Amino acid sequence: DAGVIQSPRHEVTEMGQEVTLRCKPISGHDYLFWYRQTMMRGLELLIYFNNNVPIDDSGMPEDRFSAKMPNASFSTLKIQPSEPRDSAVYFCASSPITGVSYNEQFFGPGTRLTVL
Amino acid sequence: TQLLEQSPQFLSIQEGENLTVYCNSSSVFSSLQWYRQEPGEGPVLLVTVVTGGEVKKLKRLTFQFGDARKDSSLHITAAQPGDTGLYLCAGAWYNQGGKLIFGQGTELSVKP
């Protein structure tokens with residue numbers, strides 16, 4: 001299995017520009033998670049999906065952030081307009097459904113976003 | 001306010017030393033996981049503990065879940081440079097699906 005795939009791996013953009021991060025989860029996994037990691041705040045859950053449906057988006061910082069999952073094999077996280085404080089590493093993770101509360105999450109390699 | 005507090009945040013030790021990392025919360029969790037993250041990569045699961053008081057061993061790593069399921073510890077015996085990385089604890093609740101809440105992490109550096 002290729003694991004969780006994220007693109008791009010690095011993104012440098014200017015303030016005000018739109019940024020789109022992409023994720024392909026592991027085939028057969030029902031849950032997909034978007035996280036943001038910074039030195040100050042650690043690893044924060046932004047939003048997660050179950051069977052392509054957003055379940056909890058309480059971690060999304062503000063309306064500039066949006067996430068979609070049009071099908072089981074693809075998700076996007078969009079920031080519009082981007083700001084310097086959005087600079088962070090963004091991770092996508094997927095998890096299989098096993099009927100218990102402690103599903104292992106499989107993380108992608110992350111996208112390092114720098115907003116100038 | 002961090003729901004899961006990890007300590008210490010940074011730890012630099014010599015090869016062969018022992019260390020313990022703590023993960024504390026005022027909340028009761030259904031389960032707690034420990035992940036390890038290397039630079040430029042995503043976290044990778046090390047272990048999951050579910051039962052209060054549970055102890056799990058993974059080679060030189062020993063994980064314990066507190067009796068009240070509010071805290072956990074990770075003990076490494078005879079640390080090696082290959083143990084260097086960011087260690088993250090993450091709590092889950094049975095009625096929250098697959099959602100995890102992560103601690104801030106402990107950055108461990110083991111020098112040869």
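Provided above is the structure to which this section pertains.
The residue numbers shown here count from 1 along each chain, following its written sequence. Here the convention is simple: chains get letters from A, ligands get numbers from 1, in the order in which they are written. Predicted model: local features are reported for residues with pLDDT of at least 70 only, side-chain atom pairs are reported and counted for 80 or more only, and whole-chain, interface and lining totals are derived from all residues. Excluding hydrogens and water, the side-chain values take into account all heavy atoms of the structure.

Draft legend 1. Quick look at the overall build of chain A. Working definition: helices are DSSP H or I runs of at least four residues, strands are E runs of at least two. Numbering for both runs from the N terminus. The secondary structure content of chain A amounts to zero helices and 11 strands. Starting at the N terminus and ending at the C terminus, chain A contains elements arranged as β-β-β-β-β-β-β-β-β-β-β. Think of it in three bands: with a 1.4 Å probe and only protein chains considered, a residue is buried below 20% of the maximum accessible area for its type, exposed above 50%, and partly exposed in between. Taken across its 116 residues, chain A has 47% of its residues classed as buried. Nonlocal contacts in chain A, meaning residues at least 24 apart in sequence, comprise 54% of its contacts between residues at least 6 apart. For chain A, the computed accessible surface area is about 5,700 Å², with 51% contributed by carbon and sulfur atoms. Counting 10 positive and 13 negative side-chain charges, chain A places the centres of these two groups 4 Å from one another. Contacts between residues were defined by any pair of non-hydrogen atoms, one from each residue, lying within 4.5 Å. For the accessible areas, the method is Shrake-Rupley and the probe is 1.4 Å, while residue cover comes only from the protein chains on display. As used throughout, the charge tally considers Lys and Arg to be positive and Asp and Glu to be negative, leaving His and the chain termini uncounted. Each charge is placed at NZ for Lys, CZ for Arg, CG for Asp and CD for Glu.

Draft legend 2. Focus on the packing of aromatic side chains. Side-chain rings of Phe, Tyr and Trp (the six-membered ring for Trp) are treated as a pair once their centres are within 6.5 Å; stacked means planes under 30 degrees apart, edge-to-face means over 60, and tilted covers the remaining angles. Throughout the structure, instances matching the rule amount to 12 aromatic pairs over all chains. Residues Phe107(A) and Tyr35(B) carry aromatic rings whose centres are separated by 5.9 Å and whose planes lie at 80° to one another, so their mutual orientation is edge-to-face. With one member in each of two chains, Phe107(A) in strand β10 (residues 106-107) and Tyr35(B) in strand β4 (residues 31-37) form a pair that bridges those chains. Note on Phe107(A): relative accessible area 12%, which makes it buried. Measuring from ring centre to ring centre gives 5.5 Å for Tyr35(B) and Phe102(B), while their planes differ by 55°; the resulting arrangement is tilted. Placement of the pair is Tyr35(B) in strand β4 and Phe102(B) in strand β10 (residues 101-102), with a sequence separation of 67 residues.

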